[in-house]
Amino acid sequence: MRFFETKFLEEAHEFISTLDAKTIKKILYTIDLAEQTNDPKLLKKLQNDIWEFRTKFAGLQIRLLAFWDKTDNKKTLVIATHGFIKKVDKVPANEIDKAVRLRDKYFSNKQRK
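Note on numbering: residues in each chain are counted from 1, in written sequence order. In view of the model being predicted, local features appear only for residues whose pLDDT reaches at least 70, and side-chain atom pairs are presented and counted only at 80 or more, with totals across whole chains, interfaces and linings using the full set of residues. Side-chain measures here rest on the full set of heavy atoms in the structure, leaving out hydrogens and waters.

(A) Expanded view of the nonpolar core. In terms of nonpolar packing, the biggest core is built from 16 residues, with F4, F15, I27, A34, F53 and L64 touching the most fellow members. Mapped by element, the contributors of at least two residues to this core are α1 (10–17), α2 (21–37), β4 (60–69) and β5 (77–86). Those residues within four positions of A34 in sequence are excluded, and the remaining contacts are F4, L42, L43 and F53. Membership of the second largest hydrophobic core comes to 13 residues, among which are L9, F67, L77 and Y106. By convention a nonpolar core is built from buried Ala, Val, Leu, Ile, Met, Phe, Trp, Tyr and Cys residues, the set being connected through side-chain atoms within 4.5 Å. A 1.4 Å probe rolled over the protein chains alone gives each residue an accessible area, and that area as a share of the maximum for its type sets the label: buried under 20%, exposed over 50%, partly exposed in between. Under the scheme used here, helices are H or I runs from DSSP no shorter than 4 residues and strands are E runs no shorter than 2 residues, and both carry numbers assigned from the N terminus. In what follows, residue pairs with any heavy atoms lying within 4.5 Å of each other are defined as contacts.

As structure tokens, this is what we get:
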């Protein structure tokens, strides 16, 4: 059973495309696992309704920031906004701000359709 489905915004696709095949496979595996298990080690709430997919691979802390879209009554979506390699303990505020901007843009575009 899946708790949600994950979609990637353009910025998330761009980030993932810069990584090597093994790293990409690990990220997609982590997301797939998160969709099925609801494990806070894999998908964790940060702030401002922004969440992070957490992947550790080859000594890297890889993060994809995301938000929930529950506007469709049929399925729950998690929208991955963008990603980065985490170098410090806390997720940088500018990364969270970017995710909030992308979320706001996503919902305003969705309302226009």
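(B) How the structure looks around the side chain of R103. Residue placement: R103 occurs in helix α3 (residues 93–112). Judged by its relative accessible area of 16%, R103 falls in the buried class. Apart from the residues lying within four places of it in its own chain, the contact partners of R103 are N48, D49, I50 and F67.

(C) View of the pairing of β5. Burial runs high along β5: nine of the 10 residues are buried. Following DSSP output, two strands are said to pair if at least two bridges run between them. Where strand β1 (residues 5–8) meets β5, four bridges bridge the pair, whose relative direction is parallel. Counterpart to F8 in the pairing with β5 is A80. Pairing of β4 with β5 involves nine bridges; the strand directions are antiparallel. Looking at the pairing, R63 lines up with F84 of β5.

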